[in-house]
Each structure stands twice: as C-alpha cells, then as structure tokens.
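Residues per chain, in single letters:
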Amino acid sequence: MPAIGPPPDPRMVPVPAGLLDDPGGHLLCAGVALVLLALAGWRRPPVLVRMGLACLGGTVGLTSPWLAHLDRHWLGAFPTIDKEGSLLFYLDGVHRRSLADPVAAMADPAVQLIGVHTGHLWLVEAADLVLGPVGAFGLWALLSPALAWWLAALLARAGGVRPLVALSLGFPFGMGLHVFRDLNWYTIEKAQVFWLPLFGLVWWRARERGGRALLGPALLWPVLAWNNLYLGILVAIGAAAWVALDLLRAPRSAPHRRALGAGLLAALVGAPVVLWQHLLMAGAPPLAPPAAFLWQRAALDSVELWPPAWNRLELWRALNPVALGLGLAGLWRLRRQPLAQSLVGVGLLLGALALGPALVHGAPGAPAVVANPVYMAFHAVVPGFWRIAKPETFFHGCWLLLLLAGAQTAEGWLPRDRRQWLLPLLVVAAWLALVRTHPAFPGLSAPVESALAPDWQHQRR
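A. Summary view of the state of the cysteines. Taken as a whole, this structure holds zero disulfides when the rule is applied. In this structure Cys 29 is not part of a disulfide, and its nearest cysteine sulfur, from Cys 55, lies 17 Å away.

B. Region of interest: the pattern of salt bridges. Applying the stated criterion across every chain, the model contains 13 salt bridges. Glu 411 is the partner of Arg 416 in a salt bridge, and the nearest nitrogen-oxygen pair spans 2.6 Å. Given a relative accessible area of 61%, Arg 416 falls into the exposed group. On the basis of relative accessible area, Glu 411 is assigned to the buried category, the value being 15%. One salt bridge in this structure joins Asp 417 and Arg 419, with 2.7 Å as the shortest N-O distance.

C. A look at unusual backbone geometry. Residue Phe 78 is joined to Pro 79 through a cis peptide bond whose omega torsion reads 5 degrees. Summarising the element assignment, Pro 79 is placed in the loop between strand E2 (74-75) and helix H3 (81-92). The omega angle of the peptide bond from Trp 306 to Pro 307 is -10 degrees, so this bond is cis rather than trans. Within the secondary structure layout, Pro 307 lies in the loop between strand E3 (303-304) and strand E4 (309-310). A positive phi angle is found at Asn 311, which is not glycine, with a value near 50 degrees. Mapped onto the elements, Asn 311 comes out in the loop between E4 and strand E5 (313-314). On the basis of relative accessibility, which here comes to 1%, the residue Asn 311 falls in the buried class.

D. Broad picture of the nonpolar core. Formed by 127 residues in total, the largest nonpolar core has its most connected members in Leu 169 and Phe 173. For this core, the element with the most residues is helix H8 (residues 133-158), which contributes 14 residues. For Phe 173, the contacting residues outside a window of four places in its chain are Ala 148, Ala 152, Val 179, Val 193, Leu 196, Pro 197, His 396, Trp 399, Leu 400 and Leu 403.

E. A look at the environment of Ala 156. Here Ala 156 lies in helix H8. In the structure, Ala 156 is positioned 26 residues away from Asp 182 in sequence and 24 Å away in space, judged by C-alpha atoms. Beyond its immediate sequence surroundings of up to four residues, Ala 156 is in contact with Val 161, Ala 166, Leu 404 and Ala 407.

F. Structural detail: the sheet that holds E4. Taken in spatial order, the three strands of this open sheet run E3-E4-E5, and their pairing is antiparallel. Two strands bound the open sheet, and with one partner strand each, they are E3 and E5. Sheet analysis places E3 next to E4, joined by two bridges and oriented antiparallel. Looking across to E4, one finds that Glu 304 is bridged to Ala 309.

The rules behind each value
Residues numbered from 1 in each chain as written. Predicted model: local features only at pLDDT ≥ 70, side-chain atom pairs only at ≥ 80, totals over all residues. Heavy atoms only, no water. Disulfide = S-S within 2.5 Å. Salt bridge = Lys/Arg side-chain N within 4 Å of Asp/Glu carboxyl O. Buried < 20%, exposed > 50% of the residue type's maximum accessible area, 1.4 Å probe, protein only. Helix = DSSP H or I, 4+ residues; strand = E, 2+ residues; numbered from the N terminus. Core = buried A, V, L, I, M, F, W, Y, C linked by side-chain atoms within 4.5 Å. Contact = heavy atoms within 4.5 Å. Pairing = 2+ DSSP bridges.

Structure (structure tokens):
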C-alpha cells in the first residue's frame, strides 16, 4: 500500500507526549474530561447540551495530552507542505483580501491557489483573538472531531434514538481515523467534516416542517462550501439525488415537495459561490491538464476495492468494526422502508463516486485497467468536475448514512438497563485499538520558523 502521508520534513521537531513524557499534561486532560463528563451527567441542562459536553469531554480525554499543549505545540506533524502553506497564507491575510475586494482577488495568486473556500481561515482568525496562530489552529484541531461527533449524534437523535445510542454511533464519524489523519498532515478544513451532519439536520428540518425551515439549507450551503468546497459538492450531489429518488417514488408527497423547494432555494442562493469558484479557476494559470487531475490525483485519492482502503488508510481500521456491523445490519433491517431506500440510493451514488475514476487500477498515473462508469459519466457531463482531486471525500457521506442506519438497529436491539453501556464501551475500545495506535494518529511537533518564498507564485507554475 502507498505511503499514508507525506515524508517527514527534516525541520520537524517531534515533542514526546507519552504518559511518562508528560504526566502533568495527561493529568490536566483527564481532569478536564472528567469535569465535562460529570456536567454531561447533570440532568438539568437540555439533552443536546449534555450530549455536546459528553463529546467535548470524550475528545479531550481520548486525545490527551493535546489540550495541555494547545498554544505551545502543533497538534500533528509540522511542517508539512499543506499545514505550513495554510499557516503562511493565513498570516499573509489571503482570507481578508478574498472578501475585501473579490474582483481584485480574481488575480491574486494566493486566492487562485486556495479557491473560494477560505472560510476556515476566518474560524482560525476568531480563535486567534485569544490564542496565537499555533493555538488557533490547534483549537480547531481539537474542536473539529468533537463537533463532528456531536452533530452526527444529534442527527441520529433526530431519528428517534436514545442519547446514548446516538453518541455511540456518532462517535466513529467525528473520531474516525480519516479525520485524525487529516489533522496530522493536511489543512484544517479537510478535518472539519462536522458541516455534513449539520447540513443533514437543517435539511431534515426543512423536509419535515417546511415554512421558514426551507431557508435553512439555502443559508447553510454557501457557508459550508465557503469553508470546504469538497463537502459542498458532496452535499449538493447527495441532496439532488435524494430529491430525485423521493420524487420518482411519490412526487405528490408533502415532505418530498418541501425537500425539492429547499434544494431549489439552496441552488439559487449558492449560485454566487459556484460562479465565484468558476471565475477563480478560469483566471488562474492551469495547475495541471485534466488528464493529470484524473489519473495522477483523483485515481490515487479514492476508495479502493482491493485491498480495501479509504485514501490509503486500511478500511478495517478507518471504519469502526462495531459501528460497521450495526450499520450493515441496519441496511438489511430497514430495507423495506421508503425513506431508507432513498438514503441507500444516495449512499450508493456517493460510494460509486468515492471509488474515483478507476475500479481496477493500472500503474500509478496511468489510465485505469477498468474505469468507473459512474465517475466517468459525471466527469463527462458536469462542468468543472475534472478538477476533483479527492473523490474519497464522497465516502464521508456513505459512512454517515451507514452510522445512521446502525443507530436505528442499536435502538431496537439494545436493552434499556445497564447492559446498554456495553455499546459505547465496545465502540471506544475498538477506537483505542485501531485508531489511537495507528501511525497516522497525530503526535505533537514544535513550532519552526518559516516564510513564503519570495517567488512562490512563479514556482507553482
């Protein structure tokens, strides 16, 4: 299997963070985690607040000693080309220039390189008001898994399951190996998958309630795409597929009509973001020809059927086996429910796209031995689809839908006595064995001095 990440930079200075290396840091994290979990057990706050406290406390405890190093060291490897570049562009103010004068930004090499999705740098800017740049990036590295866990749990909860089940099946989404691999080596927005279940909550509310709730997806999608354009594309394709499947089955159903209305509003309000990205791409010098994007990027950053892998991460470690088993059982158990059938259809489409352009790979960089007809159809008819460099992102949607099916199964199977605690214990035990021990799990790195090369604009061409 190819390397799971970039080679170490010779400037990187790892910081020992084991239990014996930093007992004080681990003790601090354990104390904060216990306080947060104790507050989560207090029955006075609303359930969604208690679930949020549980997710934050669990994240602080399971990532120990990250919190103790928040403003002193980098969480994960540093420098890497992605993380160092993101820091330097942030310090250079690319996100400010992008909004201050969008017309002038069309010719700004940094804006052209990053694209429309600079929203994550504004999140860093907000954290930088109270922390330094290292701490601001670190805070979002700590919050992103917790938020994704919490929002995935709330989405499962919206399906009628009890809080403990929702937390157990939301955990593998936010605390998955793929999220931590991205935190280790890549830019912060790649790990901010919490936008996906947040959109799911807003979309579900619009579908079920209508009225003002129809504005929710339209207001959220531009913000989502501004923060992570790949997740924006995933959401747009998934929502369109869901609407199409619903309307084919029962076009006169009120929820289906409301979903169509919400989708059309989101497309209308989100059109300026799409246009902005198109103008940036049209004005920028070509990074590579379409064939290079297809076979040297998309074909490599994908889900592979054999050996099973999610963007070079072993699938059996990237997907929590307890949750995976429940999810597969849930698909079978819910197979006759109309809503589940639509969601399975969406999941199959996203899964097909996650495989990238190749079902059977040839030599690296060479065309596929067996091409993926679904992906190649999108590549042929969707404008700009050739610039997709990471189709593996689509698999986040499949994984979330599978976890929602698993939550329904667990709700029906689990007793409501003390034995129900076996589920979270098994899920967390699998995480400790398969994720926390994985080479891609982030360590700590000392800050190093760096600066943009004076002629970086010419070097990238």
